[in-house]
Amino acid sequence: MATCEHCGTAFSASEETEKYCCKGCEFVAEMIRDSGFDRFYDLKQGLATAPVRSRPFEEHDFSWAEPLITKGEEVAEAKGGSASMDCSLEGISCVGCVWLVEKLFEKHPGAIRAAAHPASGRLHLEWQSGHCDLPEFLQELTRFGYVAGPQNRGAPDHERRRLTARLGLCGAFALNAMGFTLPTYLGMPEDFEFAGLFRLIAFLSATLAMLVGGGYFIERAWRSLRAGTLHIDLPIALGLISAYIGSVAGWVMNIEALRYFDFVATFVFLMLGGRFLQTAAVDRNRRRLLRASPLPTSVRSGDAQIALDAISAGILFQVEPGRAVPVASTVNADEAEVSLEWINGEAEPVVVTAGTRLPAGAILLSRKALALRAEETWADSLLQRLTADDHSERSSPMLQKLLRVYLVAVLVIGVAGLIGWIIAGQPIVGIQAMISVFVVSCPCALGVALPLADDLAAARAERNGVFVRNPTLWARLRNVRHVIFDKTGTLTLERPVLLSPESVTSLAEDAARALAQLTAGSLHPIGRTLLEALGSRGQRLLSNSAPIEVTDHPGHGASIDDDGHRWTLGKSGWAGDANDGSTSLCRDGQRIASFHFRDTLRPGTRQALANLRQRQNQLWILSGDTAEKVHTLAQQLEIPDSHAHGSLDPTEKAERVRKIDRSDTLYLGDGANDSLAFDAATVTGTPVVDRSLLESKSDFYTLGSGLGFLTTLFAAADARAKGVRSAFTFALFYNLGAVILCLAGHMSPLLAAILMPLSSIISVLLVTFVRLKEAPQAASKPHGS
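Residues numbered from 1 in each chain as written. Predicted model: local features only at pLDDT ≥ 70, side-chain atom pairs only at ≥ 80, totals over all residues. Heavy atoms only, no water.

Let's talk about the overall build of the chain
Rules: The helix count covers DSSP runs of H or I at least four residues long, the strand count covers runs of E at least two residues long, and both are numbered beginning at the N terminus. The quantity called the radius of gyration is restricted to C-alpha atoms. Its globule counterpart is 2.2 Å times the number of residues to the power 0.38. Only protein chains enter the area calculation, which uses a 1.4 Å probe; residues under 20% of their type maximum are buried, those over 50% are exposed, and those in between are partly exposed.
Within the chain, the secondary structure is distributed over 25 helices and 29 strands. For the chain, whose C-alpha radius of gyration is 30 Å, the value lies close to the compact-globule estimate of 28 Å for 785 residues. Seen through its principal axes, the chain has C-alpha atoms that stretch 105 × 70 × 55 Å. Scored against the burial criterion, the 785 residues of the chain give a buried share of 55%.

What follows is the structure in structure tokens.
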């Protein structure tokens, strides 16, 4: 495995001299060097960030910024001072990114300040009203791999921000509770003048901690019980409620052995800290992508923009370039090229003419809007079913069993201790013993150690271009015995590969400029491949050339008229040149260059599949592509014919997954036709491609080009499992010892206050130590080895 010199992501290099994981990273690295911003890499300090991929080569619509700029300048004129606006920013992840964005903004006349925040993915801009070209700056950011977008007020970092506020307050409450309880531990006399005030402050601090932080866990535990499932928050809530009620009783009855106010406040703070660590990483990955879905939220019908649920059969509407047809429709006029890859897995564009019936999910590749007549409502559309969010939260069956046994054991032991001491004639000691059992049995150590284990595993995955969206992924991943792949865009690259890059790099200046103009803004996979092959040269030629109209010729190619010459790019033979099956660039009918492409497997596919077989995983291919193509690919990858199925529609894919699944399937797909299969699988992942849809409902997504990440993903799950087992083993012995002390009546609030943070520290050290010991090769070992 090589490491990308720009983003630091590990990737499968086809040649020893290959330095970058994608054309995007290569382009941005060159831009940084040419602009004199090499300090970016010093500030980045080797941190692995997300691959750039196609961001610098895509056309981006910044019309959303115009009203924000206008509003910012109106406010500035009314109140005086500078104008400002806030937006989201895709691609920012480290202090080097912050520095680079600031430096880029400083170059623009009228710029005052740019403040980028990697944790929240937000960008704040301030400028002199009327003196700064904000759209030009936003466009420049894309050339360095950053894409600005409108700030989403309903962004998924709401939970993280809630936890941040709770964590800060509960930290203060915990310090207060500990500070005003410490004199008691140091021997403060009962008749001390301020003893009652100290206990009151400890009570109030614990009460506020329960209201602000404890309520978070109690509410989630109650929701899980109502849903008929058990959650790790349930034992946390049980311990908090027991400790608080017992402490209040001890305060009222003046029984010092029952007062655990400092324990309550500190425990809430530690649990919130662990949950914040877990939530922050997941929310960061959920925010990382701002790219718009190909599915439009509305369509134009006549002079009006109508919502999808307002579409009815017979209505005329238009679909914009790059957008998916929301409902089954008939082409009303003109001809165009569309992609059916989302629906049937076929990557080859299809030409449609007036009267052609288009299925929902077809994506318009032509540069002009296409007029359609709807044949169904949005409610009846297959695409509506495929894009519906599945809000169910997947959990680990093993964790459910473990929690059930744990809770029953704690309740039985606590009640048994109470009964035993009542029989012995000491009911107060019995109450103390029961409450102490509930308190010390709280999974405090695990509440901190498990989020740390998740975070370490996620960090390891990120260095290989994999980003986790669901923190429950790891336990389910360990149970996987069947790995199911879609074909096009998953096992194979989403675009054809240019076989001879020198056919582009050797072009004369006028031919290279014509090729850049013909491919700029193209949605055709071949056009996008050629534009990326031109790299920085193509972008420079485009920036130095006046915009030019490109005419699409569906089924053939595209053409421009420039400086008295007609340039064409398309299938050989179309412009009058010889037909040899290539894609040709012609000037006035004379061929200037030929380009040859082929579909290819993702880098590292064969090795990744070999590693999965070593883990005793069964491999499957379920595709909408033709059965012949699927079986040919299966033979190349040594997958049995009985495990390779083609010509499947979305429902048939989902049915196949259900037949295979025994809570042990991992499904990897990238199109809308994989959506129902996602709902049926135990673990789901998707490569982020040009027109991807499934990031929002997957457990993880990958920005890399290869499949080598699978090896690291399973290795991270194995390493996490070992760390968690170590923490569980320690917690078991810790709880046994603590429970014995409780039942014997020797547990005190002071001892509990010492043992709780100590057990957390030991659990964290165990998880960290095991993680450092684990070798990356662990993923290649079979289960049970």
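A word on the side chain of Glu 337
Test applied: For the purpose of charge, His is not counted, nor are the chain termini; Lys and Arg are scored as positive and Asp and Glu as negative. The term salt bridge refers to a side-chain nitrogen of Lys or Arg lying within 4 Å of a carboxyl oxygen of Asp or Glu. Residue contacts are counted whenever heavy atoms from the two residues lie within 4.5 Å of one another.
With respect to the helices and strands, the residue Glu 337 is situated in strand β11 (residues 336–339). Buried Glu 337, no salt bridge; nearest opposite-charge side chain is Lys 571, N-O distance 6.2 Å. With residues up to four places along the chain from it excluded, the contact list for Glu 337 reads Pro 349, Val 350, Val 351, Ile 363, Leu 364, Leu 365, Ser 366, His 524, Pro 554 and Gly 555.

As for helix α22 (residues 650–660)
Our working definition: An arc is given here, and it is the one of the directions from the helix axis to the C-beta atoms. Any N or O atom pair separated by 3.5 Å or less is treated as a polar contact, with the protein-specific requirement of one donor-capable and one acceptor-capable atom, and with residues adjacent in sequence counted only for side-chain atom pairs.
Listed in full, the buried residues belonging to α22 are Pro 650, Lys 653, Ala 654, Val 657 and Ile 660. Angularly, the buried residues of α22 cover 125° about the axis, an arc narrow enough to put them on a single face. Of the surrounding secondary structure, the elements contacted by the buried residues of α22 are α11 (382–387), β17 (482–485), β25 (618–622), β27 (665–668) and α23 (675–680). With a side-chain oxygen positioned 3.1 Å from the backbone nitrogen of Thr 651, the residue opening α22 is Asp 649.

Structural notes on the packing of helix α8 (residues 233–252) against helix α13 (residues 427–440)
To be explicit about the condition: Only the stretch in contact is used when fitting a helix axis, every axis being a line fitted to C-alpha atoms; angles between N-to-C directions are given from 0 to 180 degrees. When describing relative orientation, an angle under 35 degrees is termed roughly parallel and one over 145 degrees roughly antiparallel, while 65 to 115 degrees is termed roughly perpendicular and anything else oblique. Each crossing gets its hand from how the near helix is turned against the far one by less than a right angle, where anticlockwise is left-handed and clockwise is right-handed. Under the scheme applied here, ten amino acids are nonpolar (Ala, Val, Leu, Ile, Met, Phe, Trp, Tyr, Cys and Pro), four are charged (Asp, Glu, Lys and Arg), and all others, including Gly, are polar.
At a minimum axis distance of 8 Å, the contact between α8 and α13 shows a crossing angle of 140°. Classified by the angle between their axes, α8 and α13 sit oblique to one another. In terms of crossing hand, the pair formed by α8 and α13 is left-handed. Listed contacts from α13 to Gly 239, Ser 242, Ala 243 and Gly 246 of α8 are Ile 435, Phe 438 and Val 439. Its residues placed into classes, the contact of α8 with α13 shows four nonpolar, three polar and no charged.

Some points on unusual backbone geometry
For Asp 334, which is not glycine, the phi dihedral falls at a positive 70°. Tracing the sequence through the fold places Asp 334 in the loop between β10 (329–331) and β11. Notably, Asp 588 is not glycine yet its phi reads approximately 55°, a positive angle. For Asp 588, the location among the structural elements is in the loop between β22 (583–587) and β23 (590–595). Owing to a relative accessible area of 43%, Asp 588 belongs among the partly exposed residues under this scheme.

Topic: helix α21 (residues 627–636)
If you check which residues of α21 are buried, you get Val 630, Leu 633 and Ala 634. In an axial view of α21, the angular spread of the buried residues amounts to 105°, which keeps them on one side of the axis. Summarising the geometry of α21, the exposed residues directed more than 90 degrees from the buried face are Glu 628 and Gln 635. In this fold, the buried residues of α21 make contact with α16 (487–491), β25 and β26 (644–645). Residue Glu 638 follows α21 closely and has a positive phi angle near 60°.

Considerations on the sheet that holds strand β5 (residues 122–127)
Basically, it comes down to this: For two strands to pair, DSSP has to find at least two bridges joining them.
With antiparallel pairing, four strands are arranged side by side in an open sheet as β4-β5-β3-β6. Each edge of the open sheet is held by one strand with a lone partner, namely β4 (111–117) and β6 (147–149). If you compare each strand with its neighbour and ignore which way they point, the axes differ by 35° on average. Pairing between β4 and β5: six bridges, direction antiparallel. The partner of Ala 115 across the bridge, within β5, is His 124. Sitting on the sheet, helix α3 (residues 65–79) is in contact with β3 (83–90) and β5, with an inclination near 150° to β3. Those strands touched by helix α4 (residues 95–106) are β3, β4 and β5, and its axis lies near 160° from that of β4.

Side note on the sheet that holds β22
Taken together, the five strands give an open sheet; going across it, the order is β19-β20-β21-β22-β23, and neighbouring strands pair in antiparallel fashion. Two strands lie at the open edges of the sheet, namely β19 (551–553) and β23, each paired on one side alone. The sheet shows a mean angle of 20° between the axes of neighbouring strands, taken without regard to direction.

Examining the pattern of salt bridges
A full pass over the atoms with the stated rule returns 29 salt bridges. Residue Arg 113 pairs with Glu 126 through a salt bridge whose shortest N-O separation is 3.0 Å. Pair noted here: Arg 113 is in strand β4 and Glu 126 is in strand β5, with a separation of 13 residues, a long-range link. The class of Arg 113 is partly exposed, set by a relative accessible area of 39%. Residue class for Glu 126 comes out buried when judged on its relative accessible area of 17%. Among the salt bridges present, the one from Arg 615 reaches Asp 718, with a minimum N-O distance of 2.8 Å. On the criterion of sequence distance, the pair formed by Arg 615 in the loop between α20 (605–614) and β25 and Asp 718 in helix α24 (residues 709–743) is long-range, its members being 103 residues apart. For the pair Arg 615 and Asp 718, one class covers both residues: buried.

Here's the deal with the packing of aromatic side chains
The condition is simple: In this analysis, rings of Phe, Tyr and Trp, with Trp reduced to its six-membered ring, are considered paired at centre separations within 6.5 Å, and the interplanar angle assigns stacked below 30 degrees, edge-to-face beyond 60, and tilted for intermediate values.
Applying the stated criterion across every chain yields a total of 19 aromatic pairs. The interplanar angle of 65° and the centroid separation of 5.3 Å between the aromatic rings of Phe 180 and Phe 198 together place this pair among those described as edge-to-face. With Phe 180 in helix α6 (residues 158–185) and Phe 198 in helix α7 (residues 195–226), this pair connects stretches of sequence that are 18 residues apart. Relative accessible area serves as the criterion here: at 26%, Phe 180 is assigned to the partly exposed category. A relative accessible area of 17% places Phe 198 in the buried class.

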